[in-house]
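Secondary and tertiary structure notes
Take a look at the letters that make up each chain.
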Amino acid sequence: MTAVGTTAPLLAAYRGEPVTRHPVWFMRQAGRSLPEYRRLREGTAMLDACLTPELAAEITVQPVRRHDVDAAIFFSDIVIPLRLAGVDVDIVPGVGPVLGSPVRTAADVDRLPHLDPAALAPVREGVAAAVSLLGGVPLIGFAGAPFTLASYLVEGRPNRELPATSALLATDPATWHRLLAWVADLTAAFLRAQADAGAQALQLFDSWVGRLSPEAYATAVQPHSAAVFAAVADLGLPRVHFGTATRQLLPAMLAAGADVVGVASDIGLDEASALLGNRVPLQGNLDPALLSADWASLEAATRDILRRGEAAPGHVFNLGHGVPPDTDPSVLTRLVELVHSIPTRQVD
Ligand code: CP3
């Protein structure tokens, strides 16, 4: 791992300051695409792996060692705080998060447990262990945003159409708001635990919020995401806000209290930057499907993204969403080398 100076390129770019090289990391970089991960995980259930501090720390560091990325993201999952609060949730291989019983009524929301802050100990220990292994490479802490996390609670299992979520939001706004307020508190506690243990930036994933109109987002979601950002504002860490298909929501997601906006592949970074007044650092946004394209296409797309990213005061190269499971890890390593080899606009 490369030693870093006082300001790691990731943190400089998140603050809109000059960088010595283009920082790059990949959403879902730890995990399924790495053979060393699959070996370590053998025989351990996903959520157990997340809650075993030494194991989570080792998995967190694997992509940094292999790819020389500019950040680690803590190996965990958005449903971990639910599990720690006592919600009956598991991750079913090949499916994703599955609830024992979905949360759909006012009575279901009444029954949601209270998180005992002591339950976050495995998260704190895992982050601290990862930070000490990372030797100065920044660790990003993360959480699921209220909408996306609530959508898993309401649906009960992954369903991109979110039918039960849309129904609850439309038919019982009072219950919806109580549910999102409960999730916001939980998410803030999860983020704070990671920051207390040494995470140097925080990313809030609202992966599925892009299906909402700006009007629905403003009333049903934004106040709760804003509560999460406000609850961690005192930490002074860069706060990144990411979702997919969010072209129509970017200004509102910024206004929720983000410092950096994560952009999916549905919009060019130059256009995204213009929508935000060209004053906000951006992260993104290579289409993950291109990781299995020929190298010439991948290189051209990468150069184009870095050029468009110059419209923003800072840019962290990333994918538009997570690394696909079947990605050849050597392509990621080569991509990091390419991004690092392209000159930055500022002189060192
Ligand atoms: O992918 C995203 O949209 C980011 C936000 C998000 C995470 N988990 C963060 C994460 C979401 C929406 C989830 C839910 C989830 N959890 C899914 C998606 C289900 C769906 O609706 O399609 C799945 C498959 C899981 C279970 C899960 N999470 C596994 C099996 C793993 C480990 C191995 C792997 O497949 O990569 C995770 C890890 C995970 N989820 C990380 C994060 C930030 C840590 C790894 C990393 O980012 O490097």
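Located above this text is the structure these notes cover.
Residues numbered from 1 in each chain as written. Predicted model: local features only at pLDDT ≥ 70, side-chain atom pairs only at ≥ 80, totals over all residues. Heavy atoms only, no water.

**Section: the environment of Thr44**
Worth spelling out the cut-off: Secondary structure is summarised from DSSP: a helix means a run of H or I of at least four residues, a strand means a run of E of at least two, and numbering begins at the N terminus for each. Any two residues whose heavy atoms approach within 4.5 Å are treated as being in contact.
Note that Thr44 resides in the loop between helix H2 (35-41) and helix H3 (46-50). Once you skip the residues sitting within four places of it in the chain, Thr44 turns out to touch Ala49 and Leu55.

**Thoughts on the side chain of Arg21**
Basically, it comes down to this: Between N or O atoms, a polar contact is any pair within 3.5 Å; within protein, one atom must be a potential hydrogen donor and the other a potential acceptor, and residues adjacent in sequence are included only when both atoms are from side chains.
If you trace the backbone, Arg21 turns up in the loop between helix H1 (9-14) and H2. Among the polar contacts made by the side chain of Arg21, one reaches the side chain of Asp70 at a distance of 2.8 Å. In terms of polar contacts, Arg21 uses its side chain to reach the side chain of His340, at 3.2 Å.

**Structural notes on the pattern of salt bridges**
Where charged atoms of side chains with opposite charge meet at close range, the side chains can pair. Note the cut-off: One speaks of a salt bridge when a side-chain nitrogen belonging to Lys or Arg is within 4 Å of a carboxyl oxygen belonging to Asp or Glu. Here's how the labels work: a residue is buried when its accessible area is under 20% of the maximum for its type, exposed when over 50%, partly exposed in between, all with a 1.4 Å probe on protein chains only.
Applying the stated criterion across every chain yields a total of 15 salt bridges. Taking the shortest distance from any N to any O, the salt bridge between Asp68 and Arg21 comes out at 3.8 Å. Of this pair, Asp68 sits in the loop between helix H4 (53-67) and strand S1 (72-73) while Arg21 is found in the loop between H1 and H2, placing the two residues 47 residues apart along the sequence. Overall, the relative accessible area of 26% leaves Asp68 in the partly exposed class. Residues joined in a network through salt bridges with shared partners are Asp270, Asp304, Arg307 and Arg308.

**With respect to the packing of aromatic side chains**
Which entries qualify depends on this criterion: A pair of Phe, Tyr and Trp rings is counted when the ring centres sit within 6.5 Å of each other, with Trp represented by its six-membered ring. The angle between the planes then sorts it: under 30 degrees is stacked, over 60 is edge-to-face, the rest tilted. By the criterion adopted, a ring carries a charge over it if an Arg CZ or a Lys NZ lies within 6 Å of its centre and within 35 degrees of its normal.
Going through the model one piece at a time under the given rule, you end up with 5 aromatic pairs. Both rings, one in Phe142 and one in Phe205, keep their centres 5.6 Å apart while their planes meet at 90°; by these two values the pair is edge-to-face. One end of the pair, Phe142, is in strand S4 (residues 139-144); the other, Phe205, is in strand S5 (residues 201-205), with 63 residues separating them in the sequence. Across this residue pair, the class does not change: Phe142 and Phe205 are buried. By way of ring pairs, the aromatic residues Phe142, Phe190, Phe205 and Phe242 are connected into one cluster. For Arg334, the ring lying beneath its charged end belongs to Trp295, and the centroid distance is 3.9 Å.

**Notes on helix H11 (residues 214-232)**
Note the cut-off: At every residue, the bend is computed as the angle between two fitted axes, covering the seven residues ending there and the seven beginning there respectively.
A maximum bend of about 55° is found in H11 at Val221, where proline Pro223 lies one to four positions downstream. Along H11, the positions that sit buried rather than exposed are Tyr217, Ala220, Val221, Gln222, His224, Ser225, Val228, Phe229 and Val232. Residues of H11 that are buried sit in contact with helix H8 (146-155), helix H9 (163-171), helix H10 (173-196), S5, strand S6 (239-242) and helix H12 (250-255).

**Comments concerning unusual backbone geometry**
For the bond from Gly284 to Asn285, the omega torsion is -10°, close enough to zero to count as cis. If you trace the backbone, Asn285 turns up in strand S8 (residues 282-286).

**A closer look at the sheet that holds S1**
Here is the rule: Here, strands pair whenever DSSP counts at least two bridges between them. Axis definition: a line fitted to C-alpha atoms, over the contacting stretch in the case of helices. Angles run 0 to 180 degrees between N-to-C directions.
Sheet architecture is open: 7 strands sit in the order S1-S4-S5-S6-S7-S8-S9, paired in parallel fashion. Looking at which strands have only one partner, the edges of the open sheet turn out to be S1 and strand S9 (315-319). Examined bridge by bridge, S1 and S4 share 2 bridges and lie parallel to one another. Each residue of the ladder has a partner; that of Ala72, found in S4, is Leu139. Contacting S4 and S5, H10 crosses the sheet at an angle of about 170° to S4.

**What about the nonpolar core?**
The tendency in soluble globular proteins is for nonpolar side chains to be buried as a group. Worth spelling out the cut-off: In this description, a nonpolar core means a group of buried Ala, Val, Leu, Ile, Met, Phe, Trp, Tyr and Cys residues linked to one another through side-chain atoms lying within 4.5 Å.
Core analysis: the biggest nonpolar cluster contains 125 residues, and Tyr14, Trp25, Phe26 and Leu179 have the highest contact counts within it. It is H10 that contributes the most residues to this core, 11 residues altogether. Ignoring sequence-local partners within four residues, the contact set of Leu179 consists of Val103, Val109, Leu112, Ala150, Leu153, Val154 and Leu168.

**Some details on the site of the ligand**
Defined as follows: Put simply, a residue is near a molecule or strand once any heavy atom of it comes within 4 Å of that molecule or strand. Reported accessibility uses the Shrake-Rupley method at a 1.4 Å probe radius. Residues are deemed covered only where the shown protein chains occlude them. Just so you know the grouping, Ala, Val, Leu, Ile, Met, Phe, Trp, Tyr, Cys and Pro go in nonpolar, Asp, Glu, Lys and Arg go in charged, and all remaining residues, Gly too, go in polar.
As a matter of local geometry, the ligand sits amid 22 residues, with Arg32, Tyr152, Arg160, Ser207 and His321 nearest to it. Arg28 is positioned such that a nitrogen or oxygen atom in its backbone is 3.0 Å from an oxygen atom of the ligand. Within the side chain of Tyr152, one N or O atom sits 2.4 Å away from an oxygen atom of the ligand. Coverage of the ligand by the protein chains reaches 90% of its 860 Å² of free accessible surface. The residue inventory of the shell around the ligand, partitioned by class, reads 13 nonpolar, 5 polar and 4 charged.

**Quick word on H4**
Selection rule: Helices are assigned an expected span. That span is 1.5 Å times one less than the residue count.
In this model, H4 (15 residues) spans 22 Å end to end at C-alpha, consistent with the 21 Å of a helix rising 1.5 Å per residue. The largest bend along H4 reaches roughly 25° and is located at Val61, with the proline Pro63 sitting one to four residues downstream. Every buried residue of H4 is accounted for by Pro53, Leu55, Ala56, Ala57, Ile59, Thr60, Val61, Gln62, Pro63, Val64 and His67. Contacts from the buried residues of H4 go to H2, H3, S1, helix H7 (121-134), S4 and helix H15 (329-341). A positive phi of about 60° marks Asp68, the residue just after H4.

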